[in-house]
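Listed here are the chains, written in short residue letters.
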Amino acid sequence: MGVTCVSQMPVAEGKSVQQTVELLTRKLEMLGAEKQGTFCVDCETYHTAASTLGSQGQAGKLMYVMHNSEYPLSCFALFENGPCLAADTNFDVLMVKLKGFFQSAKASKIETRGTRYQYCDFLVKVGTVTMGPSARGISVEVEYGPCVVASDCWSLLLEFLQSFLGSHTPGAPAVFGNRHDAVYSPADTMVQYMELFNKIRKQQQVPVAGIR
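Since we're looking at a predicted model, the values are computed, not measured.

Trainee: Break down the environment of L78 for me, citing the residues and quoting the values.
Mentor: With respect to the helices and strands, the residue L78 is situated in strand β4 (residues 74-79). In the structure, L78 is positioned 82 residues away from F160 in sequence and 29 Å away in space, judged by C-alpha atoms. Setting aside residues up to four positions removed in sequence, L78 forms contacts with L62, M63, Y64, M66, P83, C84, M190, V191 and M194.

The structure is reproduced here in structure tokens:
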């Protein structure tokens, strides 16, 4: 794999999520990008079981268990501001056995699904982010295949992103700054998806008083 940037695309004014996705994919096809199958990234949130917190009023930790169709034999476990563990898919079975320590948060599953596009050395994935039955947002992932060091190719990635995202082009992902000249890894992509999903979750939170 190469270096990847994951970002959120806002829904176009007067359009639905699906209509905005169609506008984006049409732009890619006009550039000459070719469809190359589909993709899915999902995330389920686990919180520390109350029985493990003791009586000191400790704050529980959140852990995110994630899957990416690009890595069908792997499972990723991430802590906020913490390490990312890459394991095989049996990790899901292990989480069931660890329910005394970590419990699945209710209705916490969030995922993005969509189409993969290849354009020269770029792999682009435009996805619809859903929580339950509802579309909540749009994810855009762009990977530049020939490079494995983010600082060596960010300007090239940025130029390509600008070609179809225009004024919604994102800044450099935080993981780029953290790793600088280090070799980019799949875990860096999963961290970006975790941040994107948490951002979308927060955007959906409505004060109880505001619900009609």
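Trainee: Would you mind going over the confidence of the model for the chain in detail, with residue names and values included?
Mentor: With 90% of its residues at a pLDDT of at least 70, the chain reaches an overall mean of 87. The weakest mean pLDDT in the chain belongs to strand β6 (residues 102-104) at 80; the strongest belongs to strand β7 (residues 110-119) at 97. Counting contacts from residues 206-212, a segment whose pLDDT is below 50, to residues more than four positions away or on other chains yields one contact.

Trainee: Hey, could you go over the layout of surface pockets for me, with residue numbers and the actual values?
Mentor: A volume near 270 Å³ is recorded for the largest pocket. Lining the largest pocket are 16 residues, with N81, V175, V191, M194 and E195 positioned closest to its centre. Those elements that place two or more of their residues in the lining of the largest pocket are α4 (174-179) and α5 (186-204). Element by element, the count of residues in the lining of the largest pocket is highest for α5, at seven residues. Class assignment of the residues belonging to the lining of the largest pocket gives a composition of six nonpolar, five polar and five charged. Volume-wise, the second largest pocket comes out at about 190 Å³. Along the walls of the second largest pocket sit 13 residues, with V6, S7, Q8, L196 and K199 positioned nearest its centre. Contributing elements (two or more residues each) for the lining of the second largest pocket: β1 (3-9) and α5.

Parameters at a glance
Residues numbered from 1 in each chain as written. Predicted model: local features only at pLDDT ≥ 70, side-chain atom pairs only at ≥ 80, totals over all residues. Heavy atoms only, no water. Helix = DSSP H or I, 4+ residues; strand = E, 2+ residues; numbered from the N terminus. Contact = heavy atoms within 4.5 Å. pLDDT = per-residue confidence, 0-100. 1 Å grid on protein atoms, 1.4 Å probe; cavity = no way out; pocket = protein on both sides within 12 Å on 5 of 7 lines; lining within 4 Å. Points joined across faces, edges and corners; volume = space filled by probe spheres on them. Nonpolar A, V, L, I, M, F, W, Y, C, P; charged D, E, K, R; others polar.

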